[in-house]
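Observations on chain architecture
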Amino acid sequence: MHRTDSDNDRLRSRTTMEYAPLGDNNGENQLISSDAGNDLELNSNQGADDPFHVFRDDVTRKLNLVDESLNRYTRVVYETDTAVNTHELKDSKKQLKRHLKHAESTLKDLQSTVRAVERNPNQFHHISHEELRSRQIFVEDAKDRLANCKDKITSASVRKKIADDEKALSLRRMGDASNVSRNQREENDMLQNERAQSQVMLKQQDETLDVLGEAVQRVGDIADNIHDELQVQNRMLSDFEEDLDDAEEKLGMVMGKLAKLLKTKNKWQLGTILILSLIVIVLFFLVFS
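Everything numeric in this text was worked out from a predicted model, so none of it was measured.

Rules of the game
- Residues numbered from 1 in each chain as written.
- Predicted model: local features only at pLDDT ≥ 70, side-chain atom pairs only at ≥ 80, totals over all residues.
- Heavy atoms only, no water.
- Phe/Tyr/Trp six-rings, centres within 6.5 Å; stacked < 30°, edge-to-face > 60°.
- Helix = DSSP H or I, 4+ residues; strand = E, 2+ residues; numbered from the N terminus.
- Buried < 20%, exposed > 50% of the residue type's maximum accessible area, 1.4 Å probe, protein only.
- Core = buried A, V, L, I, M, F, W, Y, C linked by side-chain atoms within 4.5 Å.
- Contact = heavy atoms within 4.5 Å.
- Salt bridge = Lys/Arg side-chain N within 4 Å of Asp/Glu carboxyl O.
- Polar contact = N/O pair within 3.5 Å; in protein donor to acceptor, adjacent residues only side chain to side chain.
- Patch = residues over 30% accessible without salt bridge, like charges linked within 9 Å, V, L, I, M, F, W, Y side chains within 5 Å.
- Areas by Shrake-Rupley, 256 points an atom, 1.4 Å probe, with all protein chains shown as cover.
- Lys, Arg positive; Asp, Glu negative; His and termini not counted.
- Charge placed at Lys NZ, Arg CZ, Asp CG, Glu CD.
- Axes fitted to C-alpha atoms, helices over the stretch in contact; angles between N-to-C directions.
- Parallel < 35°, antiparallel > 145°, perpendicular 65-115°, else oblique.
- Left-handed = near helix turned anticlockwise from the far one by under 90°.
- Nonpolar A, V, L, I, M, F, W, Y, C, P; charged D, E, K, R; others polar.

Let's shift gears to the packing of aromatic side chains. Tallied over the full model, the rule gives 1 aromatic pair. Between Phe52 and Phe138, the aromatic rings sit 6.5 Å apart at their centres with planes inclined by 75 degrees, giving edge-to-face as the arrangement. With Phe52 in helix H2 (residues 51-79) and Phe138 in helix H4 (residues 129-153), the pair connects residues that are 86 residues apart, well separated along the chain. Residue Phe138 is classed as partly exposed on the basis of its relative accessible area of 22%.

So this is what it looks like as C-alpha cells:
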C-alpha cells in the first residue's frame, strides 16, 4: 500500500515528539509535544510505534522504484537508438530522477531517527547497541545504492553510447561516404564528432532547463501560498485595528464620564486615579482571596 504525502508529513511530525515516562503510573507513557529540533525520545514500551520501522519500509519501497527506473533507463540507452528514441530516453531519465529525489527525502527522515538515538542512547531503552548498528548500516547501504545509481546515470559508457548514436545518425543523414576522399572522410568524422557532442550537450541543457522549469513552478506555487497568507494576515490586522479603535473610543467615553464625576479634565490626574483604583482592587482580591 502506497503512502500519500500527507501520511509522510504525519510521520515526520512524529519525529519531533518526545515520549516520556510518567514515573510509576502503571507503566503508561505520556506523549509530550516538543519544539522543533528537540531530540526524539521513545520509551521502551513504544518499540511498536518506532518511526524508524515505518520510514525504513518507505525507503525500501522507494529504493525498489529507483532500481526499476534505473533498469528502464539503461535498457533504453543500451538497447535502443537514443538519437531517434529521444522521447523515451528523456521520459525514463526524468522518472528516474524523480524517484531518486523522493528516496533521498525519505532517507533523510530515516536518518534523523537514527541520529536521535545516537545523541541520546540512554533514552531509548528498547534499542540495543546491535540494533542501532544495524540501523546505521541500513542507512549507509541505502546511501550507497543511491550514489551508485547516480554514477550509472552519468557513467562513461552511457555517455559514449549516446554520443555514438548521435554520430551514427549524422552519418545516415550525410548519406554514403564510400566514394569521398580520405581527407574529406576525416573532415566529415571530425564534424560528426563535434555534432554528436553538441547534440549531447543540447540534451543535457534541455534536461537542466526542465529541472529549472519545475523549480520555477514550485517557487510560483509557494509565492501564491504566501500571497494568500498575506491577504489573510492583512484582514486580521484590519480587524485588529477596528477593535483597537472601538476600545479607544470606549475608553475615551469612560474617561469622560470619570472626569465629570471627579470634576476635572486633567488626564494625568485621571490616569493616576485610575491606576490607584486598579491597585486597590488587586490588593482587595489579594487580601480576601
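Having seen it, we continue.
Turning our eyes to something else, we now look at the nonpolar core. Counting 28 residues, the largest nonpolar core has Tyr73 and Leu96 as its most contacted members. At the level of elements, H2, helix H3 (86-119), H4 and helix H5 (156-174) are the ones that each hand at least two residues to this core. Setting aside residues no more than four positions away along its own chain, Tyr73 makes contact with Leu89, Ser92, Lys93, Leu96, Ile153, Val158 and Ile162.

What follows is about the environment of Leu70. Structurally, Leu70 can be placed in helix H2. Sequence separation between Leu70 and Lys97 is 27 residues; the distance between their C-alpha atoms is 9.3 Å. Excluding its chain neighbours within four sequence positions, the residues that come into contact with Leu70 are Leu96, Cys149, Lys152 and Ile153.

This brings us to the pattern of salt bridges. As enumerated under the stated definition, the model contains 10 salt bridges in all. Of the charged contacts, one joins Asp67 and Arg145 as a salt bridge, the two residues approaching to 2.3 Å between their closest N and O atoms. Here Asp67 is found in helix H2, whereas its partner Arg145 is found in helix H4, with 78 residues between them in sequence. Taking the relative accessible area as the measure of exposure, Asp67 reaches 28% and is therefore partly exposed. Residues Asp164 and Lys160 are paired through a salt bridge, measuring 2.9 Å at the closest nitrogen-oxygen approach. Of this pair, Asp164 and Lys160 both sit in helix H5, separated by 4 residues, roughly a single helical turn. Of the residues examined, Asp164 reaches a relative accessible area of 34% and is grouped as partly exposed. Linked by salt bridges that have partners in common, Asp50, Glu131 and Arg135 make up one network.

What follows concerns the side chain of Asp50. Along the chain, the position of Asp50 falls in the loop between strand E2 (29-33) and H2. In this structure the side chain of Asp50 is engaged in a polar contact, spanning 3.3 Å, whose partner is the side chain of His126. In this structure the side chain of Asp50 is engaged in a polar contact, spanning 2.7 Å, whose partner is the side chain of Arg135.

Summarising the element assignment, Lys93 is placed in helix H3. Lys93 gets classed as buried once you look at its relative accessible area, which sits at 12%.

Structurally, Ile162 can be placed in helix H5. On the basis of relative accessible area, Ile162 is assigned to the buried category, the value being 11%. Taking C-alpha positions, Ile162 is 6.0 Å from Thr82, a pair spaced 80 residues apart along the chain.

Together, Asp239, Glu241, Glu242, Asp243, Asp245, Asp246, Glu248 and Glu249 make up a negatively charged patch on the protein surface. For Asp239, a relative accessible area of 43% corresponds to the partly exposed category.

Moving on, we get to the side chain of Gln111. Of note, Gln111 is situated in helix H3. For Gln111, a relative accessible area of 15% puts it in the buried group. Setting aside anything within four residues of it in sequence, one finds Gln111 in contact with Val139 and Lys143.

Below, the discussion takes up the packing of H2 against H3. Contact geometry of H2 with H3 gives a least axis separation of 8 Å together with a crossing angle of 160 degrees. In terms of axis orientation, H2 runs roughly antiparallel to H3. In this structure, the crossing between H2 and H3 has a hand that is left-handed. When its residues are assigned to classes, the contact of H2 with H3 shows 17 nonpolar, 7 polar and 9 charged.

Moving on: the packing of H3 against H4. Direction vectors running N to C along H3 and H4 enclose 160 degrees, while the axes themselves pass 10 Å from each other. Accordingly, the angle class assigned to the pair H3 and H4 is roughly antiparallel. Like other packed secondary-structure pairs, H3 and H4 cross with a definite hand, here left-handed. Of H4, the residues touching H3 (which contributes Lys93, Leu96, Leu100, Ala103, Glu104, Leu107, Leu110, Gln111, Val114, Val117 and Glu118) are Leu132, Arg135, Gln136, Phe138, Val139, Ala142, Lys143, Leu146, Cys149, Lys150 and Ile153. For the contact of H3 with H4, the class distribution of residues is 14 nonpolar, 2 polar and 6 charged.

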